[in-house]
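Examination of the molecular architecture
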Amino acid sequence: NNTVDALKHYIDEAAARIDQELEFAREIQYSSLPSIFPPFPQRKEFDIYASMDTAKEVGGDFYDFYFVGTDRLAFIVADVSGKGIPAAMFMMRARAVIKALAETGASVDEIARDANDTLCQGNERGMFVTLWLGILDIKTGELDYVNGGHTPPRLLHPDGTGEWLKKKSGIMLGSMEEIPYKPRSCKMAPGDVIYLYTDGVPEGNNQAGEFYGDERLEAVLGSCQGMDPVAMCLKVREDLEAFAQGAEQFDDITMLALRFNGAEILGGV
């Protein structure tokens, strides 16, 4: 009995220590992502907001955004295969590699190609990351992007209409070296909003085992006419939680919304 009691004590201590370390890892992961909004209050040409909710203590999703020139804003949403600590470690590596390449001024397809080759190196576990990367000229609205096996974003217009940007550029990053990525482009008009997300949104489930799905996502986004990015993301999250009806979250949920204001809305400033 004494031996059993001692073992239980040691097991409880080890579990508490692991929980504490996981919570510390969670804090590190969250603190590494942009978390102050608005992030660039002096730049009125756009508004941006993003959030990440992990299914476990740490996750494999990430978002990021930063300037890669005076008027060029890079923004990203990505999803690493798997969950937990291995996914979180690969996520940190992928984020650092992509940012380092983007800050060289490379084009979106060059960033994806070189990041893919780098992530393939030393990747014995065969992990990969789906990626949507865009670089927006915040003066003109010109948007260059690549989609490496990621869920398609939704481009929303001020009149309530919208379309999915479904064209892919190539496969997920980290799975095969020397793969070309085809650059894509579109032009955002003043008032347009682009909404990015990971598959944890449409694959969110309820107690009956039903998926949230693209149709529900499209409907709730359509009801966000006139909302800023913060309100839009919060509305989607609230609708997703209402649909889940308390069901356990099985996948990380990450989303990012960017509204292009442009010179027209700013009165030519």
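Our structure's up above, just so we're on the same page.
What counts as what
- Residues numbered from 1 in each chain as written.
- Predicted model: local features only at pLDDT ≥ 70, side-chain atom pairs only at ≥ 80, totals over all residues.
- Heavy atoms only, no water.
- Helix = DSSP H or I, 4+ residues; strand = E, 2+ residues; numbered from the N terminus.
- Buried < 20%, exposed > 50% of the residue type's maximum accessible area, 1.4 Å probe, protein only.
- Polar contact = N/O pair within 3.5 Å; in protein donor to acceptor, adjacent residues only side chain to side chain.
- Pairing = 2+ DSSP bridges.
- Axes fitted to C-alpha atoms, helices over the stretch in contact; angles between N-to-C directions.
- Contact = heavy atoms within 4.5 Å.

1. Concerning the side chain of Asp252
Structurally, the position occupied by Asp252 is in the loop between α5 (229–244) and β10 (253–260). When its relative accessible area of 2% is taken as the criterion, Asp252 is described as buried. Only 2.9 Å separates the side chain of Asp252 from the backbone nitrogen of Gly60, close enough to count as a polar contact.

2. Re the sheet that holds strand β2 (residues 61–69)
Read across the sheet, 5 strands follow the order β2-β3-β4-β5-β8 without closing on themselves; strand pairing throughout is antiparallel. In this open sheet, the two edge strands, each paired with only one partner strand, are β2 and β8 (184–187). Taking each pair of neighbouring strands and ignoring which way they run, the sheet shows an average axis angle of 20°. Sheet topology places β2 next to strand β3 (residues 72–80); 8 bridges connect them, and they run antiparallel. Considered in β3, the bridge of Gly69 is made with Arg72.

3. A look at the pairing of β3
Among the 9 residues in β3, 8 count as buried, and that is most of the element. Between the end of β2 and the start of β3, which pair antiparallel, lie 2 residues.

4. Quick word on the sheet that holds strand β7 (residues 162–164)
A sheet is described by the order of its strands in space; here 5 strands give the open sequence β1-β10-β9-β6-β7, paired in antiparallel fashion. The outermost strands of the open sheet, each flanked by one partner alone, are β1 (46–53) and β7. Neighbour-to-neighbour, the strand axes of the sheet open up by a mean angle of 15°, direction not taken into account. Sheet analysis places strand β9 (residues 193–197) next to β10, joined by 5 bridges and oriented antiparallel. The residue of β10 that forms the bridge with Val193 is Arg259. Sheet strands touched by helix α4 (residues 213–222): β6 (154–156), β7 and β9. Its angle to β9, the strand with the most contacts, is close to 150°. Strands β1, β6, β9 and β10 of the sheet are contacted by α5, whose axis makes an angle of about 150° with β10.

5. Some thoughts on the side chain of Ser51
In this structure, Ser51 sits in strand β1. The class of Ser51 is buried, set by a relative accessible area of 18%. Among residues more than four places away in sequence, those in contact with Ser51 are Tyr63, Ile253, Thr254 and Met255.

Any functional reading would require information beyond the geometric quantities listed.
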